[in-house]
Amino acid sequence: MTYSWLHAPAAEVATTARTLLGWTVSANGVKIRLTEVEAYAGTGEDPASHAHRGPTPRTEVMFGPAGNVYVYFVFGMHWCMNIVCGREGEAAAVLLRAGAVTEGIEIARERRANASDRELARGPARLVTALGLNRDANGTSALDGSGPVLLAPPSAPVDPALIAAGPRVGVAAAHDTPWRFWLLGQESVSPYRRHVPRRRRPSTLPA
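Peer 1: I would appreciate a short explanation of the packing of aromatic side chains in the present structure.
Peer 2: Think of a pair of aromatic rings as described by two things: how far the centres are apart, and how the planes are tilted against each other in angle. Counting across every chain of the model gives five aromatic pairs. Measuring from centroid to centroid gives 5.9 Å for Trp5 and Trp23, while their planes differ by 75°, and the two rings are edge-to-face. Here the residue Trp5 occupies a position in the segment before helix H1 (13-20), and Trp23 occupies one in the loop between H1 and strand S1 (24-27), the gap between them amounting to 18 residues. The buried category is assigned to Trp23, whose relative accessible area is 5%. For the ring pair Tyr70 and Tyr72, a centre distance of 5.6 Å and an interplane angle of 35° mean the geometry is tilted. Tyr70 sits in the buried class, given a relative accessible area of 1%.

Structure (structure tokens):
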């Protein structure tokens, strides 16, 4: 199988992110239709990208091959999942921000206890929880069935008129870059929250 975005350069990650809207991601008995994504480029021009300063043991998966999964831990409690894109050696990834559960909803409800159906995968950490994934998915292919995640295209491309764009959510750097994309009219799209820097408490030590 081959898809055009697999061969697109990292600099075109925003286009790749838009392309992935409407695709489905499946794992552990649950399938989710993607309704919101965010693009991150590791080309040295996107300080919000984990790979902005080059490869590290954590981010080397972002440098290829495209179609692999990049999973990272955030806030000491949540897993988030990205799809790697860009040519080999060029870091880029699309964060899977939110989606609607289309299969396995009872399983997703068990994993996301007390959540309403629209909240089951409404946010990147919730999406990963609904799919029952963790660090074990990191570096595996999302396309060939060899790993726990399977990414598949819709039966027909999403109408571009249904796609909106805006600032990314919760990032400290380049937060106004309009690389968050979502499908209009979808309840599963997460609410926008701009990053607010934490203020340091004033020192109580004597001068």
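Peer 1: Honestly, the pairing of strand S8 (residues 180-183) in this entry has me stumped. Any pointers?
Peer 2: Two faces belong to every sheet, and in a regular strand the side chains alternate between them. Residue alternation in S8 divides its side chains into two sets, Arg180 and Trp182 and Phe181 and Leu183, and both sets are buried. Direction of pairing for strand S2 (residues 30-41) relative to S8: antiparallel, over a ladder of three bridges. Across the sheet, the residue bridging to Glu36 is Trp182, located in S8. Where strand S7 (residues 163-166) and S8 come together, four bridges link them in antiparallel fashion. Bridged to Ile163 within S8 is Leu183.

Peer 1: Can you help me understand the pairing of strand S4 (residues 78-84) in this one?
Peer 2: Burial analysis of S4 places six of its seven residues in the buried class, which makes it a mostly covered element. Of the strand pairs in this sheet, strand S3 (residues 69-74) and S4 are connected by six bridges, and their pairing is antiparallel. Counterpart to Val69 in the pairing with S4 is Ile83. Relative to strand S5 (residues 92-103), S4 is paired through three bridges, and the arrangement is antiparallel. Directly across from Asn82, in S5, lies its bridge partner Leu95.

Peer 1: Just checking my understanding: could you explain H1 for this structure?
Peer 2: In an α-helix there are 3.6 residues to a turn, and that puts residues three or four apart on one side. Within H1, the full set of buried residues consists of Val13, Ala14, Thr16, Ala17 and Leu20. Along H1, the residues classed as buried sweep out an arc of 160° about the axis, all on the same side. Elements in contact with the buried residues of H1: S2, S4, S5, strand S6 (150-152) and S8. In the stretch just after H1, Gly22 is the one whose phi turns positive, near 90°.

Rules used in this analysis
- Residues numbered from 1 in each chain as written.
- Predicted model: local features only at pLDDT ≥ 70, side-chain atom pairs only at ≥ 80, totals over all residues.
- Heavy atoms only, no water.
- Phe/Tyr/Trp six-rings, centres within 6.5 Å; stacked < 30°, edge-to-face > 60°.
- Helix = DSSP H or I, 4+ residues; strand = E, 2+ residues; numbered from the N terminus.
- Buried < 20%, exposed > 50% of the residue type's maximum accessible area, 1.4 Å probe, protein only.
- Pairing = 2+ DSSP bridges.
- Arc of directions from axis to C-beta.
- Contact = heavy atoms within 4.5 Å.

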